[in-house]
Protein chains: 4
Amino acid sequence: MRVLLTGFEPFAGELVNPSWEVASRLADRRVSGCAVMAERLPTVFGASIACLRTALERYRPQAVVCLGEAGGRAAISIERVALNLDEARIPDNKGQQPVEIPVEPDGPAAYFTTLPVRAIVAKLLAAGIPAEISRTAGGFVCNHTFYGLMHHLGQATPVRAGFIHVPYLPEQAVRHPGKASMELATTLRGIEMALEVLGLEQFSVAQTTTGRPATRQ
Amino acid sequence: MRVLLTGFEPFAGELVNPSWEVASRLADRRVSGCAVMAERLPTVFGASIACLRTALERYRPQAVVCLGEAGGRAAISIERVALNLDEARIPDNKGQQPVEIPVEPDGPAAYFTTLPVRAIVAKLLAAGIPAEISRTAGGFVCNHTFYGLMHHLGQATPVRAGFIHVPYLPEQAVRHPGKASMELATTLRGIEMALEVLGLEQFSVAQTTTGRPATRQ
Amino acid sequence: MRVLLTGFEPFAGELVNPSWEVASRLADRRVSGCAVMAERLPTVFGASIACLRTALERYRPQAVVCLGEAGGRAAISIERVALNLDEARIPDNKGQQPVEIPVEPDGPAAYFTTLPVRAIVAKLLAAGIPAEISRTAGGFVCNHTFYGLMHHLGQATPVRAGFIHVPYLPEQAVRHPGKASMELATTLRGIEMALEVLGLEQFSVAQTTTGRPATRQ
Amino acid sequence: MRVLLTGFEPFAGELVNPSWEVASRLADRRVSGCAVMAERLPTVFGASIACLRTALERYRPQAVVCLGEAGGRAAISIERVALNLDEARIPDNKGQQPVEIPVEPDGPAAYFTTLPVRAIVAKLLAAGIPAEISRTAGGFVCNHTFYGLMHHLGQATPVRAGFIHVPYLPEQAVRHPGKASMELATTLRGIEMALEVLGLEQFSVAQTTTGRPATRQ
């Protein structure tokens, strides 16, 4: 299974972005049946989606996992849903700070991830790695890119796609008193496990590709 | 303008629910051009939407504001978006605890509120009342009801509708050490101001009824 | 019983300090057997203690309760202990920012309050007012003044004395997103109840005046 | 320099205590001029101090660092002060839950640590390890033991002594959603660095042994 794994460049004055630290270390590696291709995205509204689309066309992956930094969160957060809403508290790396505008004027309000959220969280927790389901990817470039990804793929795609937020690295947290952090090695192991779940799934699980949870059983 | 204001019955062992304390005090009152009708909803998946629909048919309101309790939040939270996802951490008042199932199997992933979110928050903050925009209404009966409301009204409705979460009352917070609270009088004043914004808007603002933010200007 | 109640002037860019808002409203009033005298202290290392001592000499109170603002706390906090340590994260109102220096070079490491901490907290909680015991009054002018008070009174004094931190007012919290607040009326009621406990105690409770908790029973 | 490093046995239903995980890994090792002796203390009021005293007599260390678990804290916390107060929110490992009683009926209100708090924090932060000064070691067995240690040593001792709280391990945090954690390797490195500061200091720093901060310069 070809998996595109993306990370972002640093923003908000940080010198490093753990999402790209993880993605770059898995680039061109094989993780439990997943051949990983990595791409670094600019932390810029608009440009991040353009860059992601180019990568999608180049690599034609069967699964896409975008990673982003969530400063202050204590766990690896598997995002449920991408909102059609840009609403930034801080400027992006080009100085843009959109407020209450849609990512795609003609797009639906939201897309659900097609990653197996609960299976990933369960696997990480069982391995002793803090993980959680998140219901909001925020209003910044992370959510923007996630929405752009799901919108580009569309409802009918067989490509599994989603977004995972990772905590600060310890060396970042030293400048954010009281904020949680996670060692790069731990985050890396967590993302590898998420890929393992994806890799296993292609053989054993009937995939839902509808972009929302399965119907009430 | 006829406004339907709903609150919930207490849940999770609480003796009171601030959402209904507020709604019941505004029942049958006129607030800045809004004639308020109040309805108390059961904190029960399924039944809450059924009860809300009955009220919608009975009152035929021009605006609907559902209120709910958000224990631990420090501010009045105007919710941006209703997700098509039930995922409860605790049982509802009938013992139901759905996990990862849609509110409406055939509904879209989400609906945006059609309340003027930013205008309401701005008015409350200017009046010294803590208020915020929230991007997730959770996975419990609040989000469930909010989604059911927006789905029932549909995309083309002229009815403004949304959900507002309110903090614990101080007398609830005494049993939740460290959790924020808000006096009933303050919350009540905040909701009255939200209704004022709605009441004023019917005369002065071109309404967007598309269920998502306006296009990039 | 003559009670001296102090509050501080605003600091850190705030326009108001809830501690003085409360103290000034109880000035020259009688609360359940307590005749309240109020004094406003400067938020300045050194000067706050000098000002407090002058007030102690003028009023010769039988009990002293210093109030201070604790931005971000959700409850009225009865402080356990004053530390002989100034360590400020921000400058005081004269620009002083001491780091790791003692309040009194020849004083002991700490003094315990002689207020009936648990009785006060119990009374407030029973009345539905969020209250808590705190084990640190911080490193700023509040702790500094508290220590200066206890040191001035000395171990053998019959004067009951202590420090109570109060939350932001709602109108302050609007500029501190996510921070808890408490209505002035609620805080005022809480402090009145603390005075009631003091007023009742003079008739019914054998006082410990040792400046530390009673011995193991 | 002979350093006694203690950790606690697990409590509150945990299967592991990071404080002992760290201490046991440094047992009988030499860290930058410190010869480390490690002792595991019971998480029991009274017994922890008795056990610590026995170790003090056996090892006659020149410095003592007690480690404890602070679930939920995001950084390695160097404790400033030990209070003469037991006040437990949960039972200890023998079912004891003291409330508002002194550790030592005839002891002073508090003892300051004699560890070089700021130097340790500075070194850890410079190395990218989250660290902070804490002004309260709580009311449980950690503070109890810390107070017992300082009281036993007395004001005139040349032995440097103090207490350091460490965060949950990631595998503990998986059962405490939202709580911060720190990898064992990171915590271990942080404690080694604290020992390095102690080891260096014996050669270069005039020691204060008064049990409180130096006088105003």
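Reading guide: rules and limits
Residues numbered from 1 in each chain as written. Chains lettered and ligands numbered in written order. Predicted model: local features only at pLDDT ≥ 70, side-chain atom pairs only at ≥ 80, totals over all residues. Heavy atoms only, no water. UniProt positions renumbered as here; feature names shortened; annotations may be inferred. Contact = heavy atoms within 4.5 Å. Pairing = 2+ DSSP bridges. Helix = DSSP H or I, 4+ residues; strand = E, 2+ residues; numbered from the N terminus. Axes fitted to C-alpha atoms, helices over the stretch in contact; angles between N-to-C directions. Buried area = accessible area lost by both parts, 1.4 Å probe. Salt bridge = Lys/Arg side-chain N within 4 Å of Asp/Glu carboxyl O. Polar contact = N/O pair within 3.5 Å; in protein donor to acceptor, adjacent residues only side chain to side chain. Phe/Tyr/Trp six-rings, centres within 6.5 Å; stacked < 30°, edge-to-face > 60°. Buried < 20%, exposed > 50% of the residue type's maximum accessible area, 1.4 Å probe, protein only. Parallel < 35°, antiparallel > 145°, perpendicular 65-115°, else oblique. Left-handed = near helix turned anticlockwise from the far one by under 90°. Nonpolar A, V, L, I, M, F, W, Y, C, P; charged D, E, K, R; others polar.

- Within an unreviewed UniProt entry, the label attached to chain A reads Pyrrolidone-carboxylate peptidase, and the organism entered is Gloeobacter morelensis MG652769.
- According to the UniProt record, the Subcellular location (unreviewed entry) comment for chain A reads "Cytoplasm".

**Considerations on the arrangement of the chains**
Part 1: One finds no contact between chain A and chain C; the C-alpha atoms of the two approach each other to within 12 Å at their closest.
Part 2: Considering only C-alpha positions, the minimal separation of the non-contacting chain B and chain D is 12 Å.

**Remarks on the sheet that holds strand β11 (residues 160-166) of chain D**
Residues and elements named next belong to chain D.
Part 1: The seven strands are arranged β2-β3-β1-β4-β11-β5-β10 in an open sheet whose pairing can be described as mixed. Both outer strands of the open sheet, β2 (30-31) and β10 (131-134), are each paired with one neighbouring strand and no more.
Part 2: In this structure, strand β1 (residues 2-8) lies alongside strand β4 (residues 63-69), joined through four bridges in parallel fashion. Note on β4: the bridge partner recorded for L4 is V64.
Part 3: Those strands touched by helix α1 (residues 18-26) are β1, β2, β3 (34-41), β4 and β11, and its axis lies near 145° from that of β1.

**Comments concerning the interface of chain D and chain A**
Part 1: Counting from both sides, the interface comprises 16 residues of chain D and, opposite them, 16 residues of chain A.
Part 2: For the pair chain D and chain A, the two sides together bury roughly 1100 Å², of which 61% comes from carbon and sulfur.
Part 3: By the criterion of area lost to chain A, the three top residues of chain D are P130, V174 and E183 of chain D, representing 35% of everything that side buries.
Part 4: At the junction of chain D with chain A, the criterion picks out zero salt bridges.
Part 5: If you look at where chain D meets chain A, you find four residue pairs in polar contact (both at pLDDT 80 or more).
Part 6: Listing elements by their share of the side of chain D that touches chain A, those giving two or more residues are α5 (170-173) and α6 (184-204) of chain D.

**Some points on the packing of aromatic side chains**
Residues and elements named next belong to chain A.
Part 1: Under the defined criterion, the tally for this structure stands at 20 aromatic pairs over all chains.
Part 2: Consider the rings of F8 and F163, whose centres lie 6.4 Å apart with planes at 35°: the pair is tilted. Placement of F8 in strand β1 (residues 2-8) and of F163 in strand β11 (residues 160-166) is noted, with a sequence separation of 155 residues between them.
Part 3: Given the relative accessible area of 2%, F8 is considered buried.

**Regarding the sheet that holds strand β4 (residues 63-69) of chain C**
Residues and elements named next belong to chain C.
Part 1: Across the sheet, which stays open at both edges, the seven strands sit in the order β2-β3-β1-β4-β11-β5-β10 with mixed pairing between neighbours. Two strands bound the open sheet, and with one partner strand each, they are β2 (30-31) and β10 (131-134).
Part 2: Of the strand pairs in this sheet, β2 and strand β3 (residues 34-41) are connected by two bridges, and their pairing is antiparallel. Bridged to V31 within β3 is C34.
Part 3: Docked against the sheet, helix α1 (residues 18-26) engages β1 (2-8), β2, β3, β4 and β11 (160-166), running at close to 145° with respect to β1.
Part 4: The sheet strands contacting helix α2 (residues 47-59) are β1, β3 and β4, and the helix crosses β3 at an angle near 150°.

**Re the packing of helix α2 (residues 47-59) of chain A against helix α4 (residues 141-153) of chain A**
Residues and elements named next belong to chain A.
Part 1: One can describe the packing of α2 onto α4 by two numbers: an axis separation of 9 Å at closest approach and a directional angle of 40°. Viewed along their axes, α2 and α4 adopt a mutual orientation that is oblique. The hand of the α2/α4 crossing is right-handed. Contacts between α2 and α4 pair S48, I49, L52, R53, L56 and E57 from the former with V141, H144, T145, G148, L149 and H152 from the latter.
Part 2: Grouping the amino acids of the contact of α2 with α4 by side-chain chemistry returns five nonpolar, five polar and two charged.

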